[in-house]
Amino acid sequence: MLRRTLVLSVALFLVFPAGFLRAEKFKPSSKEFSLQLSPDWIELPLPFQGVVVSYGKKGTLATFHITERKLDEIKTIEQLKWEDLFSPEFTSIDIRTQSVTVLGGEKAKFCVYALKPGEFKRTMEGKLPAKYINYVLIHQGKLFSITFKDTEEGFASTYPSFLAAIRTLRFDGGNPVLQRKPA
């Protein structure tokens, strides 16, 4: 039982890597960003502590979560290392590609990855292999992590809709009203 709890705890850190880098706890009561989503994306109950918002794509297993943490020290996107962000399960991660981009007017880095075969993969995914993409960016001293997940098979068809959604990310300093694009 203890081993299963430990593996599940590590799994949560992998899926939501923004909790690292000596981050403080964040109270998700106020979002400092807004998104404009198509009606295909529905808001889900917050699955884990630290998740600010979570969405699922209708008719698929695709989900994305946004976490936000205040950083204790000033960091730049160049200082963020995947080894730290995915610790302690970095050895279970197969990063397929990585690069930098701009999201919400901020420089961001991202990686597309899958989990390597083993106990961690079985715990996280069961028998349905998944593919992930994680974007991280820093805005006003806070680390934002956006993690998209779908099945290996469905990823190529759902990723464009996810990308369209996160391209609407705006930091506005207030509590956003979720806006929907017309169907």
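This text goes with the structure placed above it.
Residues numbered from 1 in each chain as written. Predicted model: local features only at pLDDT ≥ 70, side-chain atom pairs only at ≥ 80, totals over all residues. Heavy atoms only, no water.

**Student:** Talk me through the packing of aromatic side chains; I want residue IDs and the actual numbers.
**Tutor:** Applying the stated rule across the entire model yields 15 aromatic pairs. Consider the rings of phenylalanine 155 and tyrosine 159, whose centres lie 5.6 Å apart with planes at 10°: the pair is stacked. Of this pair, phenylalanine 155 and tyrosine 159 both sit in helix 4 (residues 155-166), four residues apart, which is roughly one turn of the helix. On the accessibility criterion, phenylalanine 155 (7% relative accessible area) is buried. Relative to phenylalanine 162, the ring of tyrosine 159 has its centre 6.0 Å away and its plane inclined at 45°; by these criteria the two rings are tilted. Taken together, the residues span about one helical turn, with tyrosine 159 and phenylalanine 162 both in helix 4 at a distance of three residues. Judged by its relative accessible area of 0%, phenylalanine 162 is buried. The structure contains a cluster of three or more aromatic residues connected by ring pairs, namely Trp41, Tyr55, Phe64, Phe110, Tyr135, Phe148, Phe155, Tyr159 and Phe162. (Phe/Tyr/Trp six-rings, centres within 6.5 Å; stacked < 30°, edge-to-face > 60°. Helix = DSSP H or I, 4+ residues; strand = E, 2+ residues; numbered from the N terminus. Buried < 20%, exposed > 50% of the residue type's maximum accessible area, 1.4 Å probe, protein only.)

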